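Structural description and commentary
Residue strings, one per chain:
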Amino acid sequence: VSEVPELPEVETIRRIVSAKARGRRVISVTVHDPKFIQDLSAADFSARLTGKTLTDVARRGKYLVLTFAADAAAGPDAERCRLVAHLMMAGRLIVCPPGEPIVKHTHVVFGLDNGLELRYIDLRHFGRLALMDGGEAGTGRADATGAARAGRAGAGAAPRPAEPTLIRGLRALGVEPLSDDFTVVALSSLLARRKGRIKAVLLDQRLVAGIGNIYADEVLFMAGIHPRRTGDSLAPAEVKRLHGAIRAVLAQAIEHRGTTILTYVDGEGRRGEFAGLLQVYQKHGAACPRCGTAIVRAEVAGRGTHFCPRCQR
Ligand SMILES: [Zn+2]
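All values reported here derive from a predicted model rather than from experimental measurement.

Criteria and thresholds
- Residues numbered from 1 in each chain as written.
- Predicted model: local features only at pLDDT ≥ 70, side-chain atom pairs only at ≥ 80, totals over all residues.
- Heavy atoms only, no water.
- Donors = N, O, S within 2.8 Å, 3.2 Å for Na, K, Ca; no water.
- Tetrahedral: all angles 85-135°; square planar, octahedral: opposite > 155°, others 65-115°.
- Buried < 20%, exposed > 50% of the residue type's maximum accessible area, 1.4 Å probe, protein only.
- Pairing = 2+ DSSP bridges.
- Helix = DSSP H or I, 4+ residues; strand = E, 2+ residues; numbered from the N terminus.
- Axes fitted to C-alpha atoms, helices over the stretch in contact; angles between N-to-C directions.
- Contact = heavy atoms within 4.5 Å.
- Core = buried A, V, L, I, M, F, W, Y, C linked by side-chain atoms within 4.5 Å.
- Phe/Tyr/Trp six-rings, centres within 6.5 Å; stacked < 30°, edge-to-face > 60°.
- Lys NZ or Arg CZ within 6 Å of the ring centre and 35° of its normal.

1. Observations concerning the coordination of the zinc ion
With distances of 2.2 to 2.4 Å, the protein atoms coordinating the zinc ion are C288 (SG), C291 (SG), C308 (SG) and C311 (SG). Coordination at the zinc ion is tetrahedral, judged from the four donor atoms that bind it and the angles of 103 to 114° they form at the metal. Site description for the zinc ion: donor spacing in sequence, C-x2-C-x16-C-x2-C. C291 sits in the partly exposed class, given a relative accessible area of 26%.

2. Some words on the sheet that holds strand β5 (residues 91-96)
To summarise the sheet geometry, strands pair through backbone hydrogen bonds and adopt either a parallel or an antiparallel arrangement. Across the sheet, four strands lie side by side as β1-β6-β7-β5; this open sheet has antiparallel pairing. With partners counted over all chains shown, the strands left at the sheet margins are β1 (26-31) and β5, one partner each. Averaged over all neighbouring strand pairs, the angle between strand axes comes to 15°, with direction disregarded. Across five bridges, the pairing between strand β6 (residues 106-112) and strand β7 (residues 117-122) is antiparallel. Considered in β7, the bridge of F110 is made with L118. Across the sheet, helix α1 (residues 7-21) lies against β5, β6 and β7, angled at about 25° from β5, the strand it touches most.

3. Describing the nonpolar core
Counting 32 residues, the largest nonpolar core has L191, I198, L202, I211, Y215, L242 and I246 as the members making the most contacts within it. Taken together, the elements giving at least two residues each to this core come down to α5 (184-191), α6 (198-203), α7 (213-223) and α8 (236-255). With eight residues, the top contributor of residues to this core is α8. Ignoring any residue separated from it by four or fewer positions in sequence, one finds Y215 in contact with E6, P8, E9, V249, L250, A253, G258, T259 and F274.

4. Comments concerning the pairing of β6
In terms of burial, β6 is largely enclosed, as seven of its seven residues are buried. As judged from the five bridges shared by β1 and β6, these two strands associate in the antiparallel manner. Considered in β6, the bridge of V31 is made with V108. Here β6 hands over to β7 after four residues, with G115 in that stretch at a positive phi of 90°.

5. Examining the packing of aromatic side chains
Inspection of the entire model under this criterion finds three aromatic pairs. Above the face of the F36 ring, R128 is positioned so that its terminal group lies 5.4 Å from the ring centre. It is R290 that lies over the ring of F221; its NZ or CZ is 4.4 Å from the centre.

6. Regarding the pairing of strand β4 (residues 80-86)
The element β4 is largely enclosed, with a buried count of six among its seven residues. Of the strand pairs in this sheet, strand β3 (residues 63-69) and β4 are connected by seven bridges, and their pairing is antiparallel. Note on β4: the bridge partner recorded for V65 is V84. Pairing analysis gives six bridges linking β4 to strand β8 (residues 128-133), with the strands arranged antiparallel. Pairing of C81 across the sheet is with D133, part of β8.

7. Side note on the sheet that holds β4
The strand order across the open sheet built from four strands is β2-β3-β4-β8, with neighbouring strands paired in antiparallel fashion. This sheet does not close on itself; its edge strands, each paired only once, are β2 (53-60) and β8. Mean inter-strand twist for the sheet, computed between neighbouring axes without regard to direction, equals 20°. Set on the sheet, α1 makes contact with β2 and β3; between it and β2 the angle comes to about 165°. Relative to β8, helix α2 (residues 42-49) is tilted by about 55°, and along the sheet it contacts β3, β4 and β8.

Here it is as structure tokens:
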């Protein structure tokens, strides 16, 4: 089973799409398969994006948020909308020349005014796209933890029209682990009274956004914490190590353009290089790089989990 993309892979795609397509105007939208667009017809989806300029490419957790404005020159008051994408198992966004053959499983193609095309491809058909209006408070930037805060603040307000599940998932996201908001104190209060396994806590997108099965295992190994420990059992020194490990593992993975497991290929068709740096993920039977004990694989929080029984207590 492919387990990516997680935060580092989505961030890699974000950087490539931003570098190649930001500032470009959409001159056409071709929807080959409307099932990938939530709660909107292909015609409406196309009508709302055609003619707009891609002004920002952001990421929240494992979600990509592309902002389109009616006229880039009109400033912050220009009509905006945001395209939210969750790549799930095997989705990807690539930017390529129009002559490039349309590969199988290409579901949406945006023609850009510089002649390039932004293409949404999904081999496993689990990913989804949705549009979110641009005028909403707190969603100004999607790297912005503001999106999550606005979501929570609005929870007690008047009922709003039903939103695509994708947008609701985005609003429910917890703290962005590489943001300034993710402090040791923040992590500590998040773990307090948390009776669930630490592995499950790390995978819960409503608590910390962007960590999946691969990076949860790597983080817990670096922190020397057993995946079956409960959140509330961690001593202050362990919380501090966990915080440092989350930051370090994710930053290092981004630097190496993510991990390659089966179907994941980044937006340039190049493979991530973090696979060579994995310490425990899918290394069961191999010697722990720290102590030499055999790495174990066990089911924790419903997921295949890899750890060193000696280093992780
Ligand atoms: Zn070990």
